[in-house]
Every structure is written in structure tokens, then in C-alpha cells.
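# Inside the fold
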Amino acid sequence: MRVLGIETSCDETGVALYDTERGLAADALHSQIAMHAEYGGVVPELASRDHTRRLLPLIQRVLDDAGTARGELDAIAYTAGPGLVGALMVGASTAHGLARALGIPVLGVHHMEGHLLAPMLEDAPPAFPFVALLVSGGHTQLVEVAGLGRYRLLGESVDDAAGEAFDKAAKMLGLDYPGGPAVARLAEAGDPTRWRFPRPMTDRPGLDFSFSGLKTHTLTAIRRLEADGKLDETARADVARAFEEAVVDTLVIKCRRALDQTGLKRLVVAGGVSANARLRERLGQAAAKRGAEVFYPRGRFCTDNGAMIAYVGAQRLLAGERDELGQMQAVPRWPMETLREP
Ligand code: ATP
Ligand code: MG
Ligand code: FE
């Protein structure tokens, strides 16, 4: 089955073609990061307009790259949520229009299920069951995954997502949006012993997270340095390092707990923050101590992409799921625990 995947939930237009027999055939992405950078964050109306402009040419490019004609497609999958409603509508309406014209099934899929299963596109994919840490711009969740659509939420952030915290810390440090990679780069030169930021919610049992306090902590440190006239490049790098250490340490502590609590030996880490090198290093060490294995998507599939949507869509379409004719879905808020096994 050849499935075209379409992702437009936020600020990247992603398209891919996944063949259930041969694997990923082609994928392409247009990132709107440069366009939104000027405003310091995603402007929803601009995002929708840009998806409208980019999507059809991107679909054509993927079909060309895969050497596949439109008429050879067997189904279409698109991100139905969660995300920005206007942005989601662009992908949803294009998917439904194209599917209607071609007379093939179409299915709206869950964006976070896409992130969660993105490591399945790799050469050595994880076997079920596993623990998943989803760390992106909008989510920080630990999930016990028994199989496709069999998800049990173990814990999540009670306020900001880890990626969101990175983005906010970046802004305070005068770095460009999106802040995660910029903070990580600046932190490289930082002294990890200069400051110690708290590891929120690690002093009590449980698997929930909280990152908004770290934001305040970062701001206080910056203000104090500024007041003393000491906010030079070295000081900023030290703050970035303290912040990154705190976020990474907190995520690692909770992952260790989740593995111990479930007795599982496989950990999947996905979503934009899973690209963070320090997080990968520390998780690798923690897993090795437990005889556990860690799985990641390849670099460009850590953040939003069409491949993960094509993959998840293909699994569910194979099982017979599809949208009703003309019933496109665009669901801005959609808890992943409501998903079911197909
Ligand atoms: P969601 O998937 O929850 O709807 P999203 O799609 O906006 O949110 P992603 O595209 O998966 O999120 O990831 C983007 C986030 O990842 C941003 O917050 C960005 O700062 C963060 N990020 C990317 N690379 C890194 C890195 N190397 N270190 C830390 N954070 C990073
Ligand atoms: Mg994004
Ligand atoms: Fe995402």
C-alpha cells in the first residue's frame, strides 16, 4: 500500500510517501522557521497561508522523487491534530480533496502518535512494549506503549513543555527562535558548575514534570548578572548550560523511574527535544546501567515531518480505518490517551 503523508499542524509543511512493502520512498519538508523568526514565535495566520502556498508543490516533489504517479497512490494520511486549527485545515482539506479526486481512502492521524512511532522508520526499530518519552514544543509525556494505539499515560508536564521552556530560555538569552538548538549550542561553552538550577518535581514520587519554574529561575539569574554588569558571553553560556543541565537531568530522572516502574527495557525518545545531544548522552548512560536500550528517530524526523504521518496512517489504513467521505478532521486539542487500537 502506497500512502501519501501530509503534516501541517504547526510551522513545517511535511510530505512523504510510505510504501508498506518497501518502506519510505521519499520525503520533503518546508520549514517556516525563518518566516516566524522575525516575530519570535509562530504566527498562526501566516502559518496557514504558507502551508497553502507550499503544500501542492511539495506533494508533486515527493511524487517525482519517488517516481510515483498520483494515480498509483493507494491512500492519503494527514495530521488531524493536535495543532493550530487553521494550519491543520490546510492539510486536512488538501488530503480530502485529493483523495476524493483519486477515489482512494483518506485518514486523519494524531500528530503525537506520529512522533511516537517515528523510530519505526529506522533500520533497527524498537519492538513493543516500550516506554516512550515524548518531548517536543507542545508536549512532555511519558507513555507506556503496548502496541499500536495501546497507550497508557504515565506522566506529563503540568505546565510548560520542555521544548517550550527551551524556546523561552532562548528568548531571555537573546537567541533566535526556535531556541532549543541555539541554547544547546551556547551551553557547549558554559561552565556546568557555575550555577545549579532546580530539578523540578524530582524530590517526590511520580512521573509528572513542571518546567515553568525553571523559566523564572533563568530570568532571575539573567537579571542578577545584568544588574551587576556581568552579563557577558561567558555568563550567558553558563546560564544556558545550567538551564540545559536542569532540563536534561529532570528528563533522565523521570525516564529512569518510568523504566523501573514498568520493568521495561526499551525506551523510545521522540519529538524535537530528542535531537538534544546532551539528553542523548545522559539517557544512553542511564539506560546502559539498567541493561536497557534507547531508540530515536533519525535527526530530521525528530521534529515535525511527513514521514511519521505517512507511517502511522499506513498502519491504521491497513487495518481498515478511514475518514467518512467529506468528513475532514481538524482537532486542535486531542489527548493521545483517547486513541485506540485499530
Ligand atoms: P508538538 O509536536 O508538541 O505539537 P512541535 O511540533 O512544535 O510541538 P517539534 O517540531 O517536535 O514540536 O519540536 C520543536 C521543539 O524542539 C522546539 O521547542 C525546539 O526548541 C526543540 N528542539 C529542537 N532541537 C532541539 C535541541 N537540540 N535541544 C533542545 N530542544 C530542541
Ligand atoms: Mg515545529
Ligand atoms: Fe511536533
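Quick caveat: nothing in here was measured; it's all calculated off a predicted structure. (Residues numbered from 1 in each chain as written. Chains lettered and ligands numbered in written order. Predicted model: local features only at pLDDT ≥ 70, side-chain atom pairs only at ≥ 80, totals over all residues. Heavy atoms only, no water.)

Here, the residues flagged by UniProt with the feature "binding site: Fe cation" (unreviewed entry) are His-111, His-115 and Asp-304. The largest pairwise C-alpha distance within this set of annotated residues, which runs over 194 residues, is 8.6 Å, so the set is compact in three dimensions. Take His-115: it is sitting in helix α4 (residues 111-117). With relative accessibility at 1%, the residue His-115 sits in the buried group. Residue position: Asp-304 is located in the loop between β10 (293-295) and α10 (306-318). Look at Asp-304 and you get buried, because its relative accessible area is 11%. Once residues within four sequence positions are removed from consideration, Asp-304 is found in contact with Glu-7, Ser-9, Cys-10, Glu-12, Leu-29, His-111 and His-115. A polar contact of 3.0 Å, which involves the side chain of Asp-304, links it to the side chain of His-111. (UniProt positions renumbered as here; feature names shortened; annotations may be inferred. Helix = DSSP H or I, 4+ residues; strand = E, 2+ residues; numbered from the N terminus. Buried < 20%, exposed > 50% of the residue type's maximum accessible area, 1.4 Å probe, protein only. Contact = heavy atoms within 4.5 Å. Polar contact = N/O pair within 3.5 Å; in protein donor to acceptor, adjacent residues only side chain to side chain.)

Bringing the environment of Met-308 into the picture now. Following the sequence through the fold, Met-308 ends up in helix α10. Each C-alpha atom, one on Met-308 and one on Leu-121, is 7.7 Å from the other, the two residues being 187 residues apart in sequence. Ignoring anything within four residues of it in the chain, the contact list for Met-308 reads Glu-7, His-111, Gly-114, His-115, Ala-118 and Leu-121.

For the rest of this paragraph, the subject is the domain arrangement of the chain. Under the domain assignment used here, the chain contains domain 1 (2-117 + 301-338) and domain 2 (127-296). Domain 1 puts 19 residues into the contact, and the matching count from domain 2 is 23 residues. Contact between domain 1 and domain 2 buries roughly 1700 Å² in total, counting both sides, with carbon and sulfur atoms accounting for 73%. Taken as a group, Met-112, Leu-116 and Cys-302 account for 34% of the area that domain 1 buries against domain 2, more than any other trio of residues on that side. Connecting domain 1 to domain 2 are zero salt bridges. Applying the counting criterion to the domain 1 and domain 2 interface returns four residue pairs in polar contact (both at pLDDT 80 or more). Counting only elements with at least two residues in the side of domain 1 that touches domain 2, the list comes to α1 (33-37), α4 and α10. For the side of domain 1 that touches domain 2, the leading source of residues is α4, giving five residues. Looking at the side of domain 1 that touches domain 2 residue by residue, the classes come out as nine nonpolar, six polar and four charged. (Domains from an automatic or database assignment. Buried area = accessible area lost by both parts, 1.4 Å probe. Salt bridge = Lys/Arg side-chain N within 4 Å of Asp/Glu carboxyl O. Nonpolar A, V, L, I, M, F, W, Y, C, P; charged D, E, K, R; others polar.)

Protein-derived ligands of the iron ion (ligand 3) are His-111 (NE2), His-115 (NE2) and Asp-304 (OD), with the metal-ligand distances lying across 2.0 to 2.1 Å. Within one chain, the residues donating to the iron ion (ligand 3) are spaced in sequence as H-x3-H-x188-D. Here the iron ion (ligand 3) and the magnesium ion (ligand 2) are spaced 5.6 Å apart. Highlighted residues: His-111 and His-115, both in helix α4, separated by four residues, approximately one helical turn. Of the two residues, His-111 and His-115, neither departs from the other in class, the shared state being buried. (Donors = N, O, S within 2.8 Å, 3.2 Å for Na, K, Ca; no water.)

Further remarks concern the site of ligand 1. Around ligand 1, the structure places 21 residues, and the nearest of them are Ser-136, Gly-138, His-139, Asp-167 and Asp-304. A distance of 3.1 Å separates an oxygen atom of ligand 1 from a polar atom in the backbone of Gly-272. Taken together, the elements giving at least two residues each to the shell around ligand 1 come down to α4, α5 (162-172) and α6 (179-188). When residues of the shell around ligand 1 are assigned to domains, at least three fall in each of domain 1 (2-117 + 301-338) and domain 2 (127-296). (Near = heavy atom within 4 Å.)

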